[in-house]
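# Structural features, examined
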Amino acid sequence: MNLEDLTKALGVSGFEDDVRRRILEAVGDAEVDDFGNVIVGDKSGVAFVAHMDEVGLLVTSIEDDGRLKFRKVGGVDDKILPGSRVVLYGEGIRLEGVIGVQPPHFQQQQQTSWQDLYIDIGATSRQEAESMGAAPMMPAAFKREYAEMGRFVSATAIDDRAGCWALIEAYKRGVDATFMWTVQEEVGLMGARALASKSNVRSAIIVDTTACCHPNFTGGVKPGNGPIIRIFDNYGAYNNKLARRVLEIAKKRGIPVQIGAGGGGTDAAAFFVSGIPAVSIGILSKYSHSPVEMAHKDDLKYTVELIAALAEELPRTG
Ligand SMILES: [Zn+2]
């Protein structure tokens with residue numbers, strides 16, 4: 001499973017089937033729990049966790065003229081919506097759409113709210129839109145993009161297919177640990193909350209992207225210098241003792257890591273509140289929550305190496 005294939009899977013929060021299917025194809029002996037999380041391993045010892053879902057849109061209604069109203073799913077900036085291409089999807093259905101934008105010729109106001117926008121699928125009536133397959137409560141993901149540029153990969157949903165990919169890579173290299181791919185992180189860590197509450201793991205290492213970079217939020221970290229140990233974000237400080245241990249192990253093994261912080265939060269918070277020591281490893285991502293997110297190839301490689309080292313060195317019991 002390469003990263004490109006994973007970023008091309010559609011996985012708006014709550015509608016992750018396409019991502020889950022690809023992960024299940026790549027790993028053997030996986031369990032899917034009642035919430036849609038994927039688990040490989042015995043759910044004890046060290047667990048590595050990445051979320052399958054991505055931010056996107058949900059169609060809410062169809063207007064008489066065939067245009068679709070929508071709501072946002074997760075943290076999507078209104079600024080990136082006008083002019084975006086989207087894909088509506090469901091069981092056996094893929095529909096292309098665009099979010100229309102007023103031509104500069106007609107523009108009177110500068111700021112546009114998502115509530116004033118529509119998805120246009122080329123239908124001119126509600127009946128036509130329905131006959132094409134559109135329906136309320138259908139997810140719409142940003143159209144898939146993938147490009148390699150210099151030492152970077154730019155793609156839709158690098159957050160957190162980069163983490164999903166790193167776990168699959170580690171699994172395929174024979175790393176002995178529990179791996180968990182969660183649902184609905186972007187809308188409140190929902191999958192991880194369900195998973196953590198019934199898990200016996202000794203510690204959880206969350207592998208997610210971290211929005212890069214802003215001196216006030218992230219500190220002086222830089223893409224290419226290794227994944228960051230995310231010491232603090234909007235949920236708090238997680239587990240400093242485990243973070244120190246992760247740093248020691250990385251140093252001992254000569255794996256580049258950086259110390260930083262993040263805005264937002266990660267699934268680590270869900271494990272923390274369930275009484276499981278958790279630390280978040282952040283793959284720095286430029287332009288987070290946009291269709292052109294970028295991650296550095298070296299950071300991806302070091303993240304897999306770090307997972308392998310942590311699986312060997314972190315205690316499994318006690
Ligand atoms: Zn994420």
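Conventions we followed
Here the residue numbering is sequential within each chain, running from 1 through the sequence in written order. The predicted nature of this model means local features are confined to residues of pLDDT at least 70 and side-chain atom pairs, given and counted, to a pLDDT of 80 or more, with totals for whole chains, interfaces and linings taken over all residues. For two strands to count as paired, DSSP must find a minimum of two bridges between them. Strands are runs of DSSP state E lasting at least 2 residues, helices are runs of H or I lasting at least 4, and numbering of each runs from the N terminus. Domain start and stop positions are those given by an automatic or database domain assignment. Residues are treated as contacting if the C-beta atoms built from their backbones sit within 7 Å of each other. Charged residues are taken to be Asp, Glu, Lys and Arg, nonpolar residues to be Ala, Val, Leu, Ile, Met, Phe, Trp, Tyr, Cys and Pro, and polar residues to be all remaining types, Gly included. Counting other C-beta atoms within 10 Å of its own, a residue is labelled buried from 20 upward, exposed at 12 or fewer, and partly exposed in the gap between, with every C-beta atom placed from the backbone.

The next point concerns the pairing of strand S7 (residues 93-99). Alignment of strand S6 (residues 85-90) against S7, held across six bridges, turns out to be antiparallel. Directly across from Val 87, in S7, lies its bridge partner Glu 96. Taking the residues between adjacent antiparallel strands as the criterion, S6 and S7 are bridged by two residues, where Gly 92 takes a positive phi near 70°.

Here the focus is the domain arrangement of the chain. Segmenting the chain into domains produces domain 1 (3-54 + 156-313) and domain 2 (56-142). Centre-to-centre, using C-alpha coordinates, domain 1 lies 30 Å away from domain 2. Contact with domain 1, which involves 11 residues of that partner, is made by 13 residues of domain 2. Among the residues making up the side of domain 1 that touches domain 2, the classes are represented as five nonpolar, four polar and two charged.

Turning our attention to unusual backbone geometry. Asp 160 follows Asp 159 through a cis peptide bond whose omega is 5°. With respect to the helices, strands and loops of the structure, Asp 160 is situated in helix H4 (residues 158-172). Along the chain, Cys 212 connects to Cys 213 via a cis peptide bond; the corresponding omega equals -25°. Inspection of the secondary structure puts Cys 213 in the loop between strand S13 (203-212) and strand S14 (228-230). Within the chain, Leu 189 stands out as a residue other than glycine whose phi angle is a positive 60°. Its place among the elements puts Leu 189 in the loop between strand S12 (178-182) and helix H5 (190-197).

The two faces of the sheet receive side chains in turn, since in a regular strand these alternate between them. Because side chains alternate across strand S17 (residues 293-296), one face comprises the buried residues Glu 293 and Ala 295, and the other comprises Met 294 and His 296, equally buried. Bridging between strand S11 (residues 152-155) and S17 involves four bridges; their strand directions are antiparallel. Bridge pairing links Ala 155 to Glu 293 in S17. By the bridge criterion, two bridges tie strand S16 (residues 278-286) to S17 in an arrangement that is antiparallel. Among the inter-strand pairings, Lys 286 is bridged to a residue of S17, identified as Met 294. Linking two consecutive strands that pair antiparallel, namely S16 and S17, is a turn of six residues; a positive phi of about 60° is found at Tyr 287 within it.

What follows deals with the environment of Asp 116. Considering the arrangement of structural elements, one finds Asp 116 in the loop between S7 and strand S8 (119-120). Each C-alpha atom, one on Asp 116 and one on Thr 182, is 32 Å from the other, the two residues being 66 residues apart in sequence.

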